[in-house]
Amino acid sequence: MFRRISVMLSAAAVALAGASSMAAAQSAKPTTSFTGDLGYVGASGNTKLTTLSIGDKIVHTRGAWTLTQTAAYVYGETNGAESANQLGITGRADWAFHPRLGLFAAASYERNPFAGFRRRTDELVGLRWKAMTAPRDSLSVDAGAEFTQQTDVSGTSDSYPAARAAAAYKHVFSKLAYFQQLAEYIPALQSGRGYRVNTESSLVAPISTHIGIKMGYAIKYNSQPPVNFGTTDRLLTAGVQVSY
């Protein structure tokens with residue numbers, strides 16, 4: 001049964017992405033934006049510490065369709081030993097059938113052996129509501145379902161359906177300065193699978209037309225982590241953001 005749900009979600013994501021490509025080909029005035037993040041920390045002496053973070057976000061919009069790709073990679077070493085190695089990639093297609101309502105389909109891949117899993121993939125479908133569209137403040141809310149497949153560092157694999165609720169709030173201080181808060185709640189639809197909560201706060205201050213300083217703080221909570229691993233991961237980043 002769960003395999004059928006996974007196939008259905010994957011098919012919906014592919015169909016929605018394919019339809020978005022067809023709609024994009026028929027529209028005359030597409031817009032594309034790019035945002036890249038880079039952070040680096042190095043320390044030597046009594047403690048040798050190296051941390052590198054890289055991220056990007058590409059948004060392509062044409063008519064009622066929006067395609068979004070995001071990626072983030074964090075690598076760290078402490079006293080010569082690897083202490084962080086996280087990779088996350090997401091692709092999403094949104095179709096707005098109303099000024100404030102739309103449908104979306106997405107797929108994501110994540111790897112974080114220091115949180116106990118080698119691979120986690122999610123296929124998502126749902127409804128998006130633009131709850132607030134003020135000049136300086138915006139709030140969007142997602143509600144939908146997803147199917148998760150995970151392989152742990154121990155070699156065990158698991159898959160299960162889940163629900164998903166998410167919100168994204170943004171306050172714009174000026175044309176290039178803003179604060180953003182993201183949050184999502186993912187409860188498994190099977191008993192004993194627990195739930196996940198992810199949040200991310202970011203603050204961007206510009207230093208030129210296309211370059212800014214970004215501070216970010218992310219929390220990832222898993223109520224049922226792999227055996228011998230903790231429930232909570234926190235990540236504080238600071239670096240440069242480039243936008244076009």
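Our structure is the block above this text.
So, a few notes on the structure that sits alongside this text. (Residues numbered from 1 in each chain as written. Predicted model: local features only at pLDDT ≥ 70, side-chain atom pairs only at ≥ 80, totals over all residues. Heavy atoms only, no water.)

1. Topic: the pairing of strand β10 (residues 195-206)
Counted only if it meets this: At least two DSSP bridges between two strands are needed for those strands to be called paired. Every helix listed is a DSSP run of H or I at least four residues long, and every strand listed is a run of E at least two residues long, numbered separately from the N terminus.
Note: strand β9 (residues 178-187) against β10, ten bridges, orientation antiparallel. Paired with Phe179 across the two strands is Leu203, which belongs to β10. Inspection of the sheet shows β10 paired to strand β11 (residues 211-222) by eleven bridges, in the antiparallel sense. Looking across to β11, one finds that Asn198 is bridged to Lys220. The loop that links β10 with its antiparallel partner β11 comprises four residues.

2. Description of a nonpolar patch on the surface
Just so we agree on the cut-off: Patch rule: a residue counts if its relative accessible area is over 30% and it has no salt bridge; like charges are joined within 9 Å, and nonpolar side chains (Val, Leu, Ile, Met, Phe, Trp, Tyr) within 5 Å. Only the protein chains shown count as cover for residues, and the accessible areas themselves come from Shrake-Rupley with a 1.4 Å probe. For salt bridges, the criterion is a side-chain nitrogen of Lys or Arg within 4 Å of an Asp or Glu carboxyl oxygen.
Together, Phe173, Leu203, Met215, Tyr217 and Leu236 make up an exposed nonpolar region whose accessible area comes to about 500 Å². Mapped onto the elements of the fold, Phe173 is located in the loop between β8 (157-172) and β9.

3. Quick word on the layout of surface pockets
Picture a little ball the size of a water molecule; that probe, rolled over the atoms, points out where space is still empty. Where we set the bar: A pocket here means an open set of points on a 1 Å grid, computed over the protein atoms alone, that has protein on both sides within 12 Å along at least five of seven lines. A cavity is instead a set of points where a 1.4 Å probe fits but cannot get out; residues with an atom within 4 Å of a point line either one. Grid points are joined across faces, edges and corners, and a volume is the space filled by probe spheres set on the points. The nonpolar class holds Ala, Val, Leu, Ile, Met, Phe, Trp, Tyr, Cys and Pro. Asp, Glu, Lys and Arg form the charged class, and all remaining residues, Gly among them, are polar.
Taken as a whole, the second largest pocket holds about 250 Å³ of empty space. Along the walls of the second largest pocket sit 16 residues, with Gln150, Asp158, Tyr160, Arg193 and Gln224 positioned nearest its centre. Counting residues per element, the ones that place at least two in the lining of the second largest pocket are β7 (137-152), β8 and β10. For the lining of the second largest pocket, the element with the highest residue contribution is β8, accounting for three residues. Among the residues making up the lining of the second largest pocket, the classes are represented as seven nonpolar, five polar and four charged.

4. Structural notes on unusual backbone geometry
Operational definition: Only protein chains enter the calculation, and the probe is 1.4 Å; a residue is then buried if its accessible area is under 20% of its type maximum, exposed if over 50%, and partly exposed in between.
For Asn79, which is not glycine, the phi torsion reads 55° and is therefore positive. Here Asn79 falls in the exposed class, since its relative accessible area comes to 52%.

5. What to know about the environment of Asp94
Condition: Here a residue-residue contact requires only that any non-hydrogen atoms of the pair lie within 4.5 Å. Polar contacts, as used here, are pairs of N or O atoms within 3.5 Å; protein pairs need one atom able to donate a hydrogen and one able to accept it. Residues neighboring in sequence count only if both atoms are side-chain atoms.
Take Asp94: it is sitting in strand β4 (residues 81-98). Residue classification places Asp94 among the buried positions, given a relative accessible area of 10%. Between the alpha carbons of Asp94 and Leu67 there is a distance of 6.4 Å; along the sequence they are 27 residues apart. In this view, Asp94 contacts Ala64, Trp65, Thr66, Leu103, Phe104 and Arg128; residues no more than four positions away in its chain are not counted. Engagement of the side chain of Asp94 in a polar contact is seen with the side chain of Arg92, the distance being 2.8 Å.

The values reported here are purely geometric and, on their own, carry no functional implication.
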